[in-house]
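Examination of the molecular architecture
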Amino acid sequence: MDVRAEFLKFFEQKGHKVIESSPLVPDDATLLFTNAGMVPFKSVFTGEVPRPNPPRATTCQTCIRAGGKHNDLDNVGYTARHHTFFEMLGNFSFGDYFKEDAISHAWEFVTEVLKLPKEKLWVTVHESDDEAEAIWKKHIDASRIMRFGDKDNFWQMGDTGPCGPCSEIFIDQGAENFNTPEDYMGGDGDRFLEIWNLVFMQYERDASGVLHPLPKPSIDTGMGLERVTAVKEGVFSNYDSSLFIPLTNKVAELCRKPYAYATGASYRVIADHIRAVSFLVAQGTTFGRVGRGYVLRRILRRAVRHGYLLGLREPFMYKLLDTLCDLMGKQYPYLVAKKEVIAEQIKNEEESFFTTIASGLELFEKELPNTKTMFSGEVAFKLYDTYGFPLDLTADMLREKGLSVNEAEFEALMAEQKARSKASWKGSGDKATQGEFKPLLEKFGVNTFVGYTQKEAKTKVL
Ligand code: ATP
Ligand code: MG
Ligand code: MG
Ligand code: MG
């Protein structure tokens, strides 16, 4: 089943305008990346821009959750349901219909279009939301409606912005398939799989945390395409669905080792990360040292480390681009149009990390025996500073061993370095004879640029 097409068609028939996905980098300084389908509509919800006509929309929005309020980077590879990059299907009412229709549309789609078994479905509402519970009782047995507090059933885009109580739909994938201590309704396991969140947009949170009522209560929903596709295909992990199998297979081909779920975290991380990295690069984000560019770098380097674990010793991520284009190019033609450029940028970044990764890993291994529970922040800083290991990469390597990193020590060294470079920056310019360059100047004298007046001296081989 083409879940994406079915979803958009269903809501189009219910009077929603189908709108294209907006960029991953939002036009919003409070957000790192578009992390939900509602992001492009933020100013419609807040009343800053007039409501469109019709006041209903439906989208399949590409999202990134790898930083900021919603960050799933650490989950990737370990849960069956999280990605850094994913597609969120959504229907939106801008001050038009509210809880009653949002719930009945969702129920109709889930039971009549997706045809998911009713007896396996559960729903949650906010603990204060009698209204939503009463509506749900018309559709589903009261024993499968649960009330939770703000942590689970109050949704917000970021620290500020539109928000409201929400109601979610879950499918029970069976105790026989999942039995970790986290696999209960409301737990973090994968047994009760959250497929759809219906947010009753009623407030805007300001910078001081205060909630203000929105001009008109609205609806924002979000359903993960990858999760629903997996459910429809009868598999228990997104990574076992047709959206990911060609990617994990390609990784297996490159490292010449077959993929198996139980031991396949690295394959899954790579399959996930190539999507995030390729889409970000396709949309113009470049690898860098700060902000979004650094998130991009962190995602890529994490994938490279997992490739290293699989025995790969030279750039490989860029070789996944053909497979990715086969999978997603029809829906996102810009990916195909920019394939070569994306591949080249990825390859360059891989090459640069491959020059230091072995020495970094050696240092890491050397430090491990000294680590009881907390890995030295000083070594983590050296890994970062000298070998290009982002802190979360070191943390990811430690997590596999049940260890953590001394982040406070790392941050202190980072702050020191920043202060130092600020000081040396201040000391540069007309005061070049001061600061950390002083001993060098004393030793070698002032280095005058002579390139325009003298021929280049031949390098003396010692
Ligand atoms: P979870 O509790 O599983 O982490 P969530 O509550 O954080 O999910 P929402 O913010 O409610 O997710 O997002 C709406 C929907 O988007 C979810 O119901 C799910 O189907 C999908 N979704 C959320 N995060 C991810 C992710 N990292 N990867 C894939 N799909 C996701
Ligand atoms: Mg989450
Ligand atoms: Mg949740
Ligand atoms: Mg949710």
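Fair warning: this is a prediction, and the values are worked out from it, not measured in the lab.

**A closer look at the overall build of the protein chain**
Scanning the protein chain for helices and strands turns up 17 helices and 11 strands. Reported as C-alpha extents along the three principal axes, the dimensions of the protein chain are approximately 85 × 50 × 50 Å. Taking all 462 residues of the protein chain together, 40% fall into the buried category. A separation threshold of at least 6 residues defines the contact pool for the protein chain, and within that pool the share at least 24 residues apart is 66%.

**Regarding the site of ligand 1**
Taken together, 16 residues form the shell around ligand 1, and within it Asp72, Phe86, Asn197, Gly222 and Gly224 come nearest. Mapped by element, the contributors of at least two residues to the shell around ligand 1 are β3 (85-93), β8 (192-205), β9 (211-224) and α6 (225-232). It is β8 that provides the largest number of residues to the shell around ligand 1, a total of four residues. Per-class residue counts for the shell around ligand 1 are five nonpolar, five polar and six charged.

**Things to note about unusual backbone geometry**
Here the amide bond leading from Asn53 into Pro54 is cis, since omega sits at 0°, within 30 degrees of zero. Within the secondary structure, Pro54 sits in the loop between α2 (42-45) and β2 (56-64). In this model, Lys115 sits at a positive phi of 55°, which is unusual for a non-glycine residue. Here Lys115 is to be found in the loop between α3 (99-113) and β4 (121-126). Of note in this structure, Arg256 is not a glycine but carries a positive phi near 55°. Mapped onto the elements of the fold, Arg256 is located in the loop between α7 (245-255) and α8 (265-282).

**Focus on the nonpolar core**
Side chains of nonpolar character tend, in soluble globular proteins, to be buried together. Grouped together as the largest cluster of nonpolar side chains are 98 residues, with contacts concentrated most on Ile195, Ile274, Val277, Leu300 and Met317. For this core, the element with the most residues is α8, which contributes 10 residues. Formed jointly, this core draws a minimum of three residues from each of two domains, domain 1 (3-232) and domain 2 (244-355). Residues Phe375, Val379, Leu393 and Met397 belong to the second largest nonpolar core, which totals 11 residues.

**Observations concerning the environment of Leu121**
Position of Leu121 among the secondary structure elements: in strand β4. On the basis of neighbour count, Leu121 is assigned to the partly exposed category, with 19 C-beta atoms found within 10 Å. Apart from residues lying up to four places away in sequence, Leu121 is in contact with Val110, Leu116, Ile140, Arg144, Ile169 and Ile171.

**Side note on the confidence of the model for the protein chain**
On average, the protein chain scores 92 in pLDDT, and the residues at 70 or more come to 92%. When the criterion is pLDDT under 50, residues 429-434 qualifies, and its contacts beyond four places in sequence or with other chains add up to four contacts. For this predicted complex, the interface confidence reaches an ipTM of 0.99, while the overall pTM sits at 0.90.

**Quick word on the pairing of β8**
Looking along a regular strand, one sees the side chains alternate between the two faces of the sheet. Buried residues dominate β8, accounting for 11 of its 14 residues. Pairing geometry for β8 and β9, over nine bridges, is antiparallel. When the sheet's bridge partners are listed, Phe200 is paired in β9 with Ile219. Hairpin connection of β8 to β9: five residues between the antiparallel strands, including Gly209 at a positive phi of 95°.

**A few points about α3**
With 15 residues, α3 extends 20 Å between its outermost C-alpha atoms, agreeing within 8% with the 21 Å of an ideal straight helix rising 1.5 Å per residue. Of all the residues in α3, the buried ones are Lys99, Ala102, Ile103, His105, Ala106, Phe109 and Val110. Looking straight down α3, one finds that the buried residues subtend no more than 165° of arc, so they occupy a single side. Looking one or two places after α3, you find Lys115, whose phi comes out positive at around 55°.

**Observations regarding the packing of helix α9 (residues 291-309) against helix α15 (residues 391-399)**
Contact pair α9 / α15: the axes reach a minimum separation of 9 Å and the direction vectors enclose 35°. Crossing hand, α9 versus α15: right-handed. Residues Arg298, Arg301, Arg302 and Arg305 of α9 touch α15, and the partners they reach there are Asp392, Leu393 and Asp396. Classifying every residue of the contact of α9 with α15 by side-chain character gives one nonpolar, no polar and six charged.

Cut-offs applied
- Residues numbered from 1 in each chain as written.
- Chains lettered and ligands numbered in written order.
- Predicted model: local features only at pLDDT ≥ 70, side-chain atom pairs only at ≥ 80, totals over all residues.
- Helix = DSSP H or I, 4+ residues; strand = E, 2+ residues; numbered from the N terminus.
- Buried ≥ 20, exposed ≤ 12 C-beta atoms within 10 Å, placed from the backbone.
- Contact = placed C-beta atoms within 7 Å.
- Near = placed C-beta within 6 Å.
- Nonpolar A, V, L, I, M, F, W, Y, C, P; charged D, E, K, R; others polar.
- Core = buried A, V, L, I, M, F, W, Y, C linked by C-beta atoms within 7 Å.
- Domains from an automatic or database assignment.
- pLDDT = per-residue confidence, 0-100.
- Pairing = 2+ DSSP bridges.
- Expected span 1.5 Å × (residues − 1).
- Arc of directions from axis to C-beta.
- Axes fitted to C-alpha atoms, helices over the stretch in contact; angles between N-to-C directions.
- Left-handed = near helix turned anticlockwise from the far one by under 90°.

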